[in-house]
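# Reading the structure
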Amino acid sequence: MSSPNASPNAMAVGEDETRRPRRRRKGVIAAFVVFSVVSTLIARRRGYNMGGNIVVRCRKGHLFTTIWIPLASFKAIRLGWTRFQRCPVGRHWSLVTPVKDSDLTDEERKFAAEHRDVRIP
Ligand SMILES: [Zn+2]
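Keep in mind it's a predicted model, so treat the numbers as computed, not measured. (Residues numbered from 1 in each chain as written. Predicted model: local features only at pLDDT ≥ 70, side-chain atom pairs only at ≥ 80, totals over all residues.)

In the sheet, strand β4 (residues 82–87) pairs with strand β5 (residues 92–98) via 5 bridges, with the strands oriented antiparallel. The residue of β5 that forms the bridge with Phe84 is Leu95. Linking β4 back to β5 in an antiparallel pair, the connection comprises 4 residues, with Arg91 at a positive phi of about 50°. (Pairing = 2+ DSSP bridges. Helix = DSSP H or I, 4+ residues; strand = E, 2+ residues; numbered from the N terminus.)

Laid out in structure tokens, this is it:
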């Protein structure tokens, strides 16, 4: 008996059902996200530890650790599987390519761990 709850059925409008599917934009974004996730997973399957710190080798054979995030890179020019970036070991610019962890010897792994570049993707 307190306050009268809600208005007494104010005009029953929404009866003209317009059932149009909502914008497709969401689908496009979802497809893009799926694509980038899938390509990362494929790279991982091949034995590459993508999406974080990985060991790369420059053209001169220097090994170092860098952050490799697929589809996002600010400090390097992406050229597909390789990148053009600064090598902290030889202090020069070079094309670098990811190295499989299983292809590294313990010594190489240690060396790479001791040589990191800046922590910006
Ligand atoms: Zn180098």
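Another point: the nonpolar core. Considering soluble globular proteins, one finds that nonpolar side chains tend to be buried as a cluster. One finds Val55, Val56, Cys58, Leu63, Phe64, Cys87, Val96 and Ala112 forming the largest nonpolar core, which totals 8 residues. Broken down by secondary-structure element, the contributors of at least two residues to this core are β1 (52–58) and β2 (63–68). In terms of residue count, β1 provides more of this core than any other element does, 3 residues in total. Apart from residues lying up to four places away in sequence, Ala112 is in contact with Val55, Leu63, Phe64 and Thr65. (Core = buried A, V, L, I, M, F, W, Y, C linked by C-beta atoms within 7 Å. Buried ≥ 20, exposed ≤ 12 C-beta atoms within 10 Å, placed from the backbone. Contact = placed C-beta atoms within 7 Å.)

What follows covers the confidence of the model for the chain. Taken as a whole, the chain shows an average pLDDT of 76; of its residues, 62% reach a score of 70 or greater. Across the chain, the element-wise mean pLDDT spans from 65 in strand β3 (residues 77–79) up to 95 in helix α2 (residues 106–114). (pLDDT = per-residue confidence, 0-100.)

Before going further, it helps to spend a moment on the pairing of β2. Side-chain direction in a regular strand flips from residue to residue, so the side chains alternate between the two faces of the sheet. Bridging between β1 and β2 involves 6 bridges; their strand directions are antiparallel. Residue pairing across strands places Val55 opposite Thr65, the latter belonging to β2. From the end of β1 to the start of β2, which pair antiparallel, there are 4 residues, and Gly61 there has a positive phi angle of about 95°.

Before going further, it helps to examine unusual backbone geometry. The bulk of non-glycine residues show a negative phi, and the bulk of peptide bonds are trans. One non-glycine residue, Arg91, adopts positive backbone phi at about 50°. Among the secondary structure elements, Arg91 is positioned in the loop between β4 and β5.

The residue Val89 is located in the loop between β4 and β5 in this model. Val89 gets classed as partly exposed once you count the C-beta atoms within 10 Å, which come to 19. Sequence-wise, Val89 and Arg116 are 27 residues apart; in three dimensions their C-alpha atoms are separated by 8.6 Å. If sequence neighbours within four positions are ignored, Val89 has contacts with His62, Phe64 and His115.

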